[in-house]
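# Fold and contact review
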Amino acid sequence: MEPLHFLLDETRGWVEDPDSPADSEPTEDPIAKLAEALNPKLRIDLRAETEEQVVALDSFDWRLFQAGLELTAGDGRSRIQTTSRSPRKEAVDLTAETEQLPTFVNDLPSGKLREVITPVIGQRRLLPMASFRRRRLSMRFLDLRDKTVVRGYLESVSIEGQKKPLGRRLTLIPVRGYKRPFNDVRKAVVSALNPTVTEQSVSFLACTASGRPPGGYTTRLDLQLHGEMRADLGLRLVHGRLLDIIEENLYGARESLDTEFLHDLRVALRRSRTALSQVRGVYPQVTVDHFKGELRWLFRRIGPLRDLDVFLEALPEYRALVAPDSTRDLDPLQDFLEARRHAEQQTVRDLLSGRRTRQILGSWRHFLDSELPTSGGPPMARTPLGRVARIDIARLWKRVLHRGTRIDRATPDPALHELRVEIKKLRYLLEFFHSVLPPEVREFSKSLKRLQSTLGNFVDTVVQQRHVEQFATEMAMDGSASPQTLLAMGQLIPQFEARRIEERGHFEERFADLSTSENRDRMDKILADIQPR
């Protein structure tokens, strides 16, 4: 048997009740009512009451929650636990002493708790999602022989900054060998207190009540579009969701809370540009040309900072590629990159808080929220979305096949980069319109993603090699690199070249996987409804 959790006083805070007064307090003693319902078979023995200030922590994109984990900090310790939705086979319940609120995983002491969190959270900042005060009253349920047959506790929670208490939560914990008494207590709770059963933790409920529901941020579009809806309406919904993601990441990217804010912002800009340029004849051409230029300007201005983030994140791996006695010789390279990143971050801070960025995003939002034209307009604006999506997907698919089949061992490297760009565009369109496409799109997208990953590794290696050569030249010119540092950087070049050759060698196999007859059949089903224009 698993523990059972019940919400009491639900309308006082666990679920918003606008008619509940701000200073409302519990009007009944649940322990007394429960004791009356259990008498004379069982009695309740109240134990120690504890009180603590708790902060629930997670990344901005809720990585711990998505992994079925929950991190809290309070009273000089941090604790990680699995939640009811955890996919893990083994439960996790670990604590570690922490004098201060951890900001990144490296702020946690070395040990098992940190080992569990690190692969999940990565380099994301741990943000305080809710701060609340928890009072916990422990209890035992005793039979007529004074045997403990059930354990439990009653929690009372108040959210920091809110006058109204959030509510109370009763937990029953079974004791092995006492299944019947546990069921008796459960029935008494239901009949005497009329509670709501929940699987959610106090932290989950506190985050929700604080306006930050766990899992509330995602880069997935999660749009349920309809194939028969107007194409301009469907495309506006796609762009509106992407603009939401852009706006949600502005503050974190501007303040450099962690590197993923800028990454998510940049990807949302790229996806927005793809939807503008690849879904054709839906928006007025003057609108397309204007916002393609504006979003491209913003995308390119934040690109150098993202490149530095990627290189700095990979630097520990690069240290492992040089001779052991040369590892420390790369320290000046790290100093050079961090100084450059600091300057570039200030540029991005000014850019994202500047008037032109506000004007771009504001005018973009204004267009997306404006009324749809009732007559005239672009040729495909009022065409069913499903048909428009298939037409544009078919065009990109044909282009991917054409470019891919022309690549052989003698083809220059830039051709692989160009193919990667086309594959990204195709993947984005499949993501935008998956809800109006057949289920075959899922399996097809997997093959497409594998090829994109191979091409991405190839292009990234080429770019990193070029950056190392560029950095070495600049550091030599400004005198920030010793001969030993330049030699250590030089050791990276043949390593990158070997990787480039290896990744390029995977291309033929990956492209063959994409262009199999099975995948061609899948794409035929996806595009089945298209008629010649």
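Counting restarts for each chain: residues are numbered from 1 in the order of the written sequence. Given that this is a predicted model, residues contribute local features only at a pLDDT of at least 70 and side-chain atom pairs are listed and counted only at 80 or more, while totals for whole chains, interfaces and linings are drawn from all residues. Calculated side-chain values reflect all of the structure's heavy atoms, with hydrogen atoms and water omitted.

### Some points on the overall build of the protein
The helix and strand labels rest on DSSP assignments: H or I over at least four residues marks a helix, E over at least two residues marks a strand, and numbering proceeds from the N terminus. In terms of regular secondary structure, the protein is built from 15 helices and 9 strands. For the exposure calls, accessible area comes from a 1.4 Å probe over protein chains only, and a residue counts as buried if that area is under 20% of its type's maximum, exposed if over 50%, partly exposed in between. Counting only residues that meet the buried cut, the protein has 49% of its 533 residues in that class. In the protein, the share of contacts with a sequence separation of at least 24, taken over all contacts with a separation of at least 6, comes to 71%. Note on areas: Shrake-Rupley with a 1.4 Å probe; residue coverage comes only from the protein chains shown. For the protein, the computed accessible surface area is about 27000 Å², with 48% contributed by carbon and sulfur atoms. For this analysis, residues touch if any pair of their heavy atoms sits within 4.5 Å.

### Structural notes on the packing of helix H7 (residues 259-278) against helix H12 (residues 413-432)
With axes taken as lines fitted to C-alpha atoms, and helix axes fitted only over the stretch in contact, angles between N-to-C directions fall between 0 and 180 degrees. Interhelical geometry of H7 versus H12 gives an angle of 85° and a closest axis separation of 10 Å. Viewed along their axes, H7 and H12 adopt a mutual orientation that is roughly perpendicular. Contacts between H7 and H12 involve Val267, Arg270, Arg271, Thr274, Ala275 and Gln278 on the former and, on the latter, Lys424, Lys425, Tyr428, Leu429, Glu431 and Phe432. For this classification, the nonpolar set comprises Ala, Val, Leu, Ile, Met, Phe, Trp, Tyr, Cys and Pro, the charged set comprises Asp, Glu, Lys and Arg, and every other residue, Gly included, is treated as polar. Of the residues in the contact of H7 with H12, the class split is 5 nonpolar, 2 polar and 5 charged. Oblique is the label for every angle not falling under 35 degrees (roughly parallel), over 145 degrees (roughly antiparallel), or within 65 to 115 degrees (roughly perpendicular).

### A closer look at the sheet that holds strand E3 (residues 69-74)
Sheets are built from strands paired through backbone hydrogen bonds, the pairs being either parallel or antiparallel. Taken together, 9 strands build an open sheet; the order of strands is E5-E4-E3-E2-E6-E7-E8-E1-E9 and the sheet is antiparallel. Strands with a single pairing partner mark the edges of an open sheet, and in this sheet they are strand E5 (93-97) and strand E9 (196-198). The sheet shows a mean angle of 30° between the axes of neighbouring strands, direction not considered. Note that E3 and strand E4 (residues 77-82) share 6 bridges and pair antiparallel. Looking at the pairing, glycine 74 lines up with arginine 77 of E4. On top of the sheet, helix H3 (residues 112-121) reaches strand E2 (43-58), E3, E4 and E5; it is set at about 105° to E5, its chief contact. Strand pairing is defined by DSSP finding a minimum of two bridges between the two strands.

### Describing the packing of aromatic side chains
Stacked, edge-to-face and tilted labels apply to pairs of Phe, Tyr and Trp rings (six-membered ring for Trp) whose centres lie within 6.5 Å, assigned for plane angles under 30 degrees, over 60, and everything in between, in that order. A full pass over the atoms with the stated rule returns 17 aromatic pairs. Measuring from ring centre to ring centre gives 5.9 Å for tryptophan 364 and phenylalanine 367, while their planes differ by 10°; the resulting arrangement is stacked. In this pair, tryptophan 364 and phenylalanine 367 are both assigned in helix H10 (residues 355-369), 3 residues apart and thus about one turn of the helix distant. The pair formed by tryptophan 364 and phenylalanine 367 is uniform in burial state, with each residue classed as buried. Consider the ring centre and the ring normal. A charge sits over the ring if Lys NZ or Arg CZ is within 6 Å of that centre and within 35 degrees of that normal. Cation over ring: arginine 124 sits above phenylalanine 261, and NZ or CZ is 4.6 Å from the ring centre. Sitting over the ring of phenylalanine 299, arginine 266 keeps its end group 4.1 Å from the ring centre.

### As for the domain arrangement of the protein
Domain start and stop positions are those given by an automatic or database domain assignment. Partitioning the protein into domains gives domain 1 (4-17 + 24-209) and domain 2 (231-526). For domain 1 versus domain 2, the separation of C-alpha centres amounts to 42 Å. Taken together, the contacts link 7 residues of domain 1 with 8 residues of domain 2. Carbon and sulfur atoms supply 54% of the area that domain 1 and domain 2 bury against each other, a total of about 630 Å² over both sides. Once two parts are put together, the accessible area they lose, assessed with a 1.4 Å probe and summed over both, is termed the buried area. Summed over the three residues of domain 1 that lose the most area to domain 2, namely Phe60, Arg124 and Arg125, the buried surface amounts to 69% of that side. Only one rule defines a salt bridge in this text: a Lys or Arg side-chain nitrogen within 4 Å of an Asp or Glu carboxyl oxygen. Summed over the shared surface of domain 1 and domain 2, the number is 2 salt bridges. A salt bridge links arginine 124 to aspartate 258; its shortest N-O distance comes to 2.9 Å. Distance and chemistry together define a polar contact, namely a pair of N or O atoms within 3.5 Å, with one atom able to donate a hydrogen and the other to accept it when in protein, and with adjacent residues in sequence counting only for side-chain atoms on both sides. Between domain 1 and domain 2 we count 3 residue pairs in polar contact (both at pLDDT 80 or more) in total. Classifying every residue of the side of domain 1 that touches domain 2 gives 3 nonpolar, 1 polar and 3 charged.

### Regarding the pattern of salt bridges
In the structure shown here, the tally under the stated rule is 40 salt bridges. The residue arginine 254 makes a salt bridge to glutamate 255 at a minimum N-O spacing of 3.5 Å. Given a relative accessible area of 28%, glutamate 255 falls into the partly exposed group. Salt bridges here are not isolated pairs; linked through shared partners, they connect Glu52, Arg77, Arg134, Arg136, Glu155 and Arg169.

### Structural notes on the pairing of strand E7 (residues 148-159)
Counting buried positions along E7 gives 9 out of 12 residues, so the element sits mostly inside the fold. Hairpin remark: strand E6 (residues 127-142) followed by E7, antiparallel, with 5 residues in the connecting loop; positive phi at aspartate 146, about 60°. Bridging between E7 and strand E8 (residues 167-174) involves 8 bridges; their strand directions are antiparallel. By the bridge assignment for E8, valine 157 is matched with glycine 167.

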